[in-house]
Amino acid sequence: MKSEPWQCPLCGGPLTGEQDLKCPSGHCFDRAREGYWHLLPVQSMRTKAPGDSREMVAARRRFLDTGGYACFSDGLNALVCSLLMELPAPSLVDAGCGEGYYTARLVQALRASGKTPSAAAFDISKFAVKAAARRDKGHAVQWAVASSFAIPVADAAADCLVDIFSPAAAQEFARVVKPGGAFVFAVPGPRHLYGLKEVLYERPYENTVQDVAYPGFALEQRIPVHSMLTVTGSTILDLFAMTPYYWKTPRSGAERLASLDTLTTELHFDFLVYRRAHA
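Residues numbered from 1 in each chain as written. Predicted model: local features only at pLDDT ≥ 70, side-chain atom pairs only at ≥ 80, totals over all residues. Heavy atoms only, no water.

## Topic: the overall build of the protein
Next up, step 1: Looking only at helices and strands, the protein has nine helices and ten strands in total.
Next up, step 2: Dimensions of the protein, computed from the C-alpha atoms along their principal axes, are close to 55 × 40 × 35 Å.
Next up, step 3: For the protein, the accessible surface area stands at approximately 13,200 Å², while carbon and sulfur atoms represent 52% of it.
Next up, step 4: With 29 positive and 28 negative side-chain charges, the protein shows a separation of 4 Å between the mean positions of the two kinds. (Helix = DSSP H or I, 4+ residues; strand = E, 2+ residues; numbered from the N terminus. Areas by Shrake-Rupley, 256 points an atom, 1.4 Å probe, with all protein chains shown as cover. Lys, Arg positive; Asp, Glu negative; His and termini not counted. Charge placed at Lys NZ, Arg CZ, Asp CG, Glu CD.)

## Some thoughts on the pattern of salt bridges
Should the charged atoms of two oppositely charged side chains come close, the side chains can pair.
Next up, step 1: What the rule picks out here adds up to 17 salt bridges.
Next up, step 2: When salt bridges that share partners are traced, they join Arg33, Glu34 and Arg134 into one network. (Salt bridge = Lys/Arg side-chain N within 4 Å of Asp/Glu carboxyl O.)

## Quick look at the state of the cysteines
Next up, step 1: One pass over the structure, following the stated rule, counts zero disulfides.
Next up, step 2: Cysteine Cys71 shares no disulfide, and the gap to the nearest cysteine sulfur, in Cys81, comes to 17 Å.
Next up, step 3: The class of Cys71 is partly exposed, set by a relative accessible area of 27%.
Next up, step 4: The thiol of Cys81 is not disulfide-bonded; the next cysteine sulfur, from Cys160, is found 10.0 Å away.
Next up, step 5: Looking at Cys81, the relative accessible area reads 17%, which means it is buried. (Disulfide = S-S within 2.5 Å. Buried < 20%, exposed > 50% of the residue type's maximum accessible area, 1.4 Å probe, protein only.)

## Some remarks on the packing of aromatic side chains
Next up, step 1: Here the structure, examined in full by the defined rule, presents 20 aromatic pairs.
Next up, step 2: Pairing Phe63 with Tyr69 gives two aromatic rings, centres 5.1 Å apart and planes at 85°, and the pair type is edge-to-face.
Next up, step 3: According to the relative accessible area criterion, Phe63 is buried, its value standing at 0%.
Next up, step 4: Note on Tyr69: relative accessible area 3%, which makes it buried.
Next up, step 5: Ring geometry for Phe72 and Phe269: centres 4.0 Å apart, planes at 15°, overall stacked. Of the two residues, Phe72 sits in helix H2 (residues 70-83) while Phe269 sits in strand E10 (residues 262-276), which places them 197 residues apart along the sequence. Pair check on accessibility: Phe72 and Phe269 agree, each one buried.
Next up, step 6: One aromatic cluster in this structure is built from Phe63, Tyr69, Phe72, Tyr101, Tyr102, Phe165, Phe269 and Phe271.
Next up, step 7: Stacked on the ring of Tyr194, the Lys or Arg Arg191 has its end atom at 3.9 Å from the ring centre. (Phe/Tyr/Trp six-rings, centres within 6.5 Å; stacked < 30°, edge-to-face > 60°. Lys NZ or Arg CZ within 6 Å of the ring centre and 35° of its normal.)

## Digging into the layout of surface pockets
Next up, step 1: Of the voids in this model, the largest pocket is the one considered here, and its volume is about 1,300 Å³.
Next up, step 2: In this structure, the largest pocket is lined by 50 residues; those nearest its centre are Arg60, Ile164, Phe165, Ser166 and Pro167.
Next up, step 3: Only helix H1 (54-65), strand E5 (118-123), strand E8 (177-188), helix H8 (245-248) and E10 provide two or more residues apiece to the lining of the largest pocket.
Next up, step 4: Per element, the largest residue contribution to the lining of the largest pocket is four residues, and it comes from E8.
Next up, step 5: Looking at the lining of the largest pocket residue by residue, the classes come out as 28 nonpolar, 13 polar and nine charged. (1 Å grid on protein atoms, 1.4 Å probe; cavity = no way out; pocket = protein on both sides within 12 Å on 5 of 7 lines; lining within 4 Å. Points joined across faces, edges and corners; volume = space filled by probe spheres on them. Nonpolar A, V, L, I, M, F, W, Y, C, P; charged D, E, K, R; others polar.)

## Topic: the sheet that holds strand E6 (residues 142-145)
Next up, step 1: Across the sheet, which stays open at both edges, the eight strands sit in the order E3-E6-E5-E4-E7-E8-E10-E9 with mixed pairing between neighbours. The open sheet is flanked by strand E3 (37-38) and strand E9 (217-232), the only strands paired with a single partner.
Next up, step 2: As paired strands, E8 and E10 are joined by seven bridges and run antiparallel to one another. Within E10, the residue paired with Ala186 across the bridge is Phe271.
Next up, step 3: Seen against the sheet, H2 touches strand E7 (158-164), E8, E9 and E10 and runs at an angle of roughly 15° to E10. (Pairing = 2+ DSSP bridges. Contact = heavy atoms within 4.5 Å. Axes fitted to C-alpha atoms, helices over the stretch in contact; angles between N-to-C directions.)

Structure below.
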């Protein structure tokens, strides 16, 4: 990946610049004070502020800062480091990076293994990307507001693309990942957060397990990560606010959860490792 990884979201031309990015066609994008780029065209925004709200981003940041999902982040780091073992300067793309917790720790792990990675990360939520860029004091990652379904990154730019619980845009991922490169997709396992769902719902359910085939990729392996989590006080509601259940839970379930002092639940993530087919 070139030092400036972005391409124009309007015409696909290369973007260059420091305080603003310009393409050969004259499209221009300013750099935000926090250091990120806004590469989501207005015509692609269905709402004024798509993606996670400021409140959801803040809740996720508070929860992740407790280390509650560190086992998951550590598993991701070990997996990607092994996939990129032979590359001294790998290029990484994080699609749907949220507030940047996993991206930042992954770049740190790659550096600790002796590599000099380049990393581009984006999310459709301006609030999430702003939080990520604000925390990245060393500018280890290039951050942008963008959509996975119109990724502003050049063809075959990434040695590895990671997607942590975000929608899979298979066609765009196949365009961005180099032939022979890896796509790591993190999905919830069957019992993920089951203890939380036992409180929220009268009839809690397990998540469906599927090995989805994506054009241009071959599924190589499914790697599970299991753990138990106990949270107390306001951290319970922070965990709830960063899940999709926050939007579809009956009031009675949310009230039961709010009355708890302690919650113990299973954590179960699966990493699906796909390999980009050679041309």
